[in-house]
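# Summary of structural features
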Amino acid sequence: MNVEERVPLARMTTIGTGGPARWLGRPQTLAELEELLRWASSEGFPVTTVGLGSNLLAADEGVDGLVLRLEGELAAASVKGEILTAGGGAANAVCLHRARSGGLGGFEFACAIPGTAGGGVRMNAGAYGGDWKTVVARALVSSPDGSAWFDVDELGLEYRRSGLDAHQVVAAVEFGLAPRPPDEIKAHVRELNAQRKAAQPVNRRTFGSVFKNPDHELSAGRVLEAVGLKGHRIGGAQISPRHANFIENADEARTADALALMAEARRRAHEEFGVELEHEVAFVGPIELPTL
Ligand SMILES: Cc1cc2nc3c(=O)[nH]c(=O)nc-3n(C[C@H](O)[C@H](O)[C@H](O)COP(=O)(O)OP(=O)(O)OC[C@H]3O[C@@H](n4cnc5c(N)ncnc54)[C@H](O)[C@@H]3O)c2cc1C
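Everything in this summary refers to the structure shown in the same document. Since the structure is predicted, the reported quantities are computational estimates derived from the model, not experimental observations.

### With respect to unusual backbone geometry
- The phi dihedral of Tyr128 falls on the positive side, at around 50°, and the residue is not glycine.
- Among the structural elements, Tyr128 can be located in the loop between β9 (126-127) and β10 (130-131).
- With a relative accessible area of 35%, Tyr128 lands in the partly exposed category.

What follows is the structure, given as structure tokens:
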């Protein structure tokens, strides 16, 4: 079994925090992935899949289980007809590049989402009015019992969530796209990236949106701005001065610093707006926010 021991999760998350994974497996093929899942199940280890760690907060204590990173053919992407097939670990940038070269449009909305095809399924990632639900045809989902294709309805994709359990791994995704000239795709992506750059902290270490937008006239970012949290700092983490629904690793932050900011943000949003903010960022390892 090809697994490494005690690998720091800080290296695998875009915010750059997190203690060690007890085991790290980097399967290159579906057979290797299924073997690792059977092994973890027989040993009783919980399994967590990490994509690009771009919406992930990992406990400072680390994760007492098997962490998987999909590589090799599980991170490749190719186009056939109007279908883009991607390994669960394929970076969105790679998927977009393949789609554009193959003259397929519809995935442009993902240009500034720095994750993977599989992470996108798990989170039903989205931007600019598009999300995974609008483009996924089906996904190959692996568990210790084997692998099976789930069509888009079976994946239970809703606003920033799916119906998949933590132990289910998205091994591959088929996206149904539509013909579009590569030059048009390029121009559209350029425009979306410019919009993003104007509004969000693009050159900082963050994990994307901290909280889901609440059922309220104000977005999570606007609520947090209104309660005076822009630029607020705890330890090495700070609420972005640019966009209050982002936490930046300002200086050797720990996950505990980010969590303390999240707890403070929830407390103020609840006290001042009666809003219960729900975290969008996924937690790995023993992490909990205080109840309100
Ligand atoms: C600068 C920045 C901008 C962002 N903008 C957006 C945005 O506009 N819209 C948006 O929706 N998100 C955004 N995000 C958040 C993030 O990029 C998305 O949620 C992305 O889809 C996460 O993908 P990932 O592969 O990095 O998943 P990770 O962060 O590694 O993991 C997230 C969750 O998915 C699970 N997971 C990962 N891979 C798999 C897999 N193969 N099978 C099963 N489960 C898996 C993990 O266990 C975890 O629960 C942004 C993040 C950053 C840093």
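### Observations concerning the site of the ligand
- Around the ligand, a shell composed of 32 residues is seen, among which Thr49, Ser54, Asn55, Thr116 and Gly126 lie nearest.
- Between Gly119 and the ligand, the recorded distance is 3.5 Å, taken from a backbone N or O atom to a nitrogen atom.
- Between the ligand and Arg196, the relevant distance is 2.9 Å, taken from an oxygen atom to a side-chain nitrogen or oxygen of the residue.
- Counting residues per element, the ones that place at least two in the shell around the ligand are α3 (117-123), β9 and β13 (169-176).
- Counting residues per element, the shell around the ligand draws most heavily on α3, at five residues.
- Its residues assigned to classes, the shell around the ligand comprises 14 nonpolar, 15 polar and three charged.

### Section: the packing of aromatic side chains
- This structure, assessed with the given rule, holds eight aromatic pairs.
- Measuring from centroid to centroid gives 6.0 Å for Trp23 and Phe45, while their planes differ by 45°, and the two rings are tilted. With a gap of 22 residues between them, Trp23 in strand β2 (residues 20-25) and Phe45 in the loop between α1 (30-43) and β3 (47-49) connect regions that are remote in the sequence. This pair shows no difference in class: Trp23 is buried, exactly as Phe45 is.
- Between Trp39 and Phe45, the aromatic rings sit 5.5 Å apart at their centres with planes inclined by 65°, giving edge-to-face as the arrangement.
- One aromatic cluster in this structure is built from Phe107, Phe109, Trp132 and Phe175.

### Quick notes on α1
- Taking 1.5 Å of rise per residue, the 14 residues of α1 would be expected to cover 20 Å, and the 20 Å separating its terminal C-alpha atoms lies within 8% of that figure.
- Taken as a whole, α1 has its buried residues at Leu33, Glu34, Leu36, Leu37, Trp39 and Ala40.
- One or two positions beyond α1, positive phi appears at Gly44, with a value near 75°.

### Points about the nonpolar core
- One finds Cys95, Phe107, Val121, Trp132, Leu155, Phe175 and Leu177 to be the most contacted residues of the largest nonpolar core, which totals 30 residues.
- Counting residues per element, the ones that place at least two in this core are β7 (83-87), α2 (92-101), α3, α4 (132-135), β11 (136-143), β13 and α5 (182-199).
- The contact partners of Leu177, leaving out residues within four places of it in the chain, are Glu82, Leu84, Ala99, Leu104, Gly105, Gly106, Phe107 and Val135.
- If you look at the next biggest cluster of nonpolar residues, it comprises 27 residues, including Ala220, Ala265, Val275 and Leu277.

Procedures and definitions
Residues numbered from 1 in each chain as written. Predicted model: local features only at pLDDT ≥ 70, side-chain atom pairs only at ≥ 80, totals over all residues. Heavy atoms only, no water. Helix = DSSP H or I, 4+ residues; strand = E, 2+ residues; numbered from the N terminus. Buried < 20%, exposed > 50% of the residue type's maximum accessible area, 1.4 Å probe, protein only. Near = heavy atom within 4 Å. Polar contact = N/O pair within 3.5 Å; in protein donor to acceptor, adjacent residues only side chain to side chain. Nonpolar A, V, L, I, M, F, W, Y, C, P; charged D, E, K, R; others polar. Phe/Tyr/Trp six-rings, centres within 6.5 Å; stacked < 30°, edge-to-face > 60°. Expected span 1.5 Å × (residues − 1). Core = buried A, V, L, I, M, F, W, Y, C linked by side-chain atoms within 4.5 Å. Contact = heavy atoms within 4.5 Å.

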